[in-house]
There are 2 protein chains.
Amino acid sequence: MATTDVLEKDNYFMMLAIDQAKKASSLDEVPVGAVLVCDDQVISEAFNKREALQLAGAHAEVLAIGKANQIKKSWRLVPCTLYVTLEPCSMCAGAILNSRIKRLVFGARDPKAGAVESLYSLLSDSRLNHQVEFVGGVEEEKCSVLLKEFFTQLRQKSR
Amino acid sequence: MATTDVLEKDNYFMMLAIDQAKKASSLDEVPVGAVLVCDDQVISEAFNKREALQLAGAHAEVLAIGKANQIKKSWRLVPCTLYVTLEPCSMCAGAILNSRIKRLVFGARDPKAGAVESLYSLLSDSRLNHQVEFVGGVEEEKCSVLLKEFFTQLRQKSR
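Residues numbered from 1 in each chain as written. Chains lettered and ligands numbered in written order. Predicted model: local features only at pLDDT ≥ 70, side-chain atom pairs only at ≥ 80, totals over all residues. Heavy atoms only, no water.

Comments concerning the sheet that holds strand β4 (residues 103-108) of chain A
Residues and elements named next belong to chain A.
Thought 1: One open sheet accounts for five strands, arranged β2-β1-β3-β4-β5; its pairing is mixed. Either end of the sheet is taken by a strand with one partner, and the two such strands are β2 (41-47) and β5 (133-135). Averaged over all adjacent pairs, the angle separating strand axes in this sheet is 15°, with direction ignored.
Thought 2: For strand β1 (residues 33-38) and β2, the ladder comprises six bridges, and the chain directions are antiparallel. If you follow Cys-38 over to β2, its bridge partner there is Gln-41. (Pairing = 2+ DSSP bridges. Helix = DSSP H or I, 4+ residues; strand = E, 2+ residues; numbered from the N terminus. Axes fitted to C-alpha atoms, helices over the stretch in contact; angles between N-to-C directions.)

Focus on the side chain of Asp125(B)
All names here are of chain B.
Thought 1: One can find Asp-125 in the loop between β4 (103-108) and β5 (133-135).
Thought 2: A relative accessible area of 7% means that Asp-125 is categorised as buried.
Thought 3: Engagement of the side chain of Asp-125 in a polar contact is seen with the side chain of Arg-127, the distance being 2.8 Å. (Buried < 20%, exposed > 50% of the residue type's maximum accessible area, 1.4 Å probe, protein only. Polar contact = N/O pair within 3.5 Å; in protein donor to acceptor, adjacent residues only side chain to side chain.)

Some words on the interface of chain A and chain B
Thought 1: Tallying the contact residues gives 30 residues for chain A and 30 residues for chain B.
Thought 2: The three residues of chain A that bury the most area against chain B are Gln54(A), Trp75(A) and Tyr120(A), which together make up 26% of that side's buried surface.
Thought 3: At the junction of chain A with chain B, the criterion picks out zero salt bridges.
Thought 4: The interface formed by chain A and chain B contains 10 residue pairs in polar contact (both at pLDDT 80 or more).
Thought 5: Broken down by secondary-structure element, the contributors of at least two residues to the side of chain A that touches chain B are α2 (50-53), α3 (60-72) and α4 (90-98) of chain A.
Thought 6: Looking at the side of chain A that touches chain B element by element, the count peaks at six residues for α4(A). (Contact = heavy atoms within 4.5 Å. Buried area = accessible area lost by both parts, 1.4 Å probe. Salt bridge = Lys/Arg side-chain N within 4 Å of Asp/Glu carboxyl O.)

Examining α3(A)
All names here are of chain A.
Thought 1: Counted at 1.5 Å a residue, the expected span for α3 with its 13 residues is 18 Å, and the 18 Å between its end C-alpha atoms agrees.
Thought 2: All buried positions along α3 are accounted for by Ala-60, Glu-61, Leu-63, Ala-64, Ile-65, Gly-66, Ala-68 and Asn-69.
Thought 3: On its buried face, α3 sits against β1, β2, β3 (81-86) and α4.
Thought 4: Following α3 by one or two positions, Lys-73 adopts a phi angle in the positive range, close to 55°. (Expected span 1.5 Å × (residues − 1).)

Topic: helix α1 (residues 3-26) of chain B
Residue and element names in this part refer to chain B.
Thought 1: For α1, built from 24 residues, the straight-helix expectation of 34 Å at 1.5 Å per residue is met to within 8% by its first-to-last C-alpha distance of 35 Å.
Thought 2: Asp-10, Phe-13, Met-14, Leu-16, Ala-17, Ile-18, Gln-20, Ala-21 and Ala-24 are the residues of α1 that are buried.
Thought 3: Each element contacted by the buried residues of α1 is listed here: β1 (33-38), β2 (41-47), β3 (81-86), β4 and α5 (140-157).
Thought 4: Asp-28 lies just past α1 and shows a positive phi near 60°.

Thoughts on the relation of the copies chain A and chain B
Thought 1: Between the two copies, chain A and chain B, the superposition gives an RMSD of 0.0 Å; the rotation angle is 180° and the shift along the axis is 0.0 Å. Seen this way, the second copy is the image of the first under a two-fold rotation axis. Minimal C-alpha separation from the rotation axis in chain A is found for Met91(A), amounting to 2.0 Å. (Least-squares fit on C-alpha atoms with pLDDT ≥ 70 in both.)

In short, geometric facts, not functional conclusions.
Take a look at the structure:
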């Protein structure tokens, strides 16, 4: 496949992940969305539901992976690509490794907790039994703006 | 509290986690068990169910934390101690951080995937917004033997 096709596809699926993030935002959840794609088909979509579910593990990535595990009836998601609007934390990077996902595409970088590029490089650690290809910064501005607007509104509400 | 009391308590709760690991083993799951304790009361217990649930995230720690989140109706498990028979991987260490657990006690070290002491020190990273006290090697021999026996039997079955 030509590089431009891959880039267009990455942007297309990231826009779907952004749609998920917007749903989170409208429910007062930190706006992070994820979409899991296999053979160019969307298998599952999810957004952060930590507050609604009061579940520490209810990040968008974990929910999208869990749904896909159920749909595929398998913990292995080998040929899939995960799109997520924010660089995964260590929990989510670990879930990506544990589900043997092939490729990750993320939007905004997370200098405070990112475990793919920012604080750790969990997905490219050759000591682990799986590595994951990844691309960061896809539709980065749109993903970042969503997060910034959310936290600005949160600060205004709490005044 | 005197140090000996803490040690005795740690061994007591670790034995409960080992009971959970034995349940996993009897169901052909990698034998890892976890117990979450708050104010000396067991809040939740769980064992690895990756194969039974075909869920990449169904490690003992994640399941015990999820159950406790439901029982406490909160994603925050601030005053709790998690006991687990094997050093947590990056996904589980991340889930421990995300649930704000105070203390972790683990049994066997995991040189291939351990993210607390072996490959990473996620729980003591001052760049993250939470740190977790931890003790490793509690009832280490019993925890290790369970795992070794399981994998020996698995190899014999697959011959």
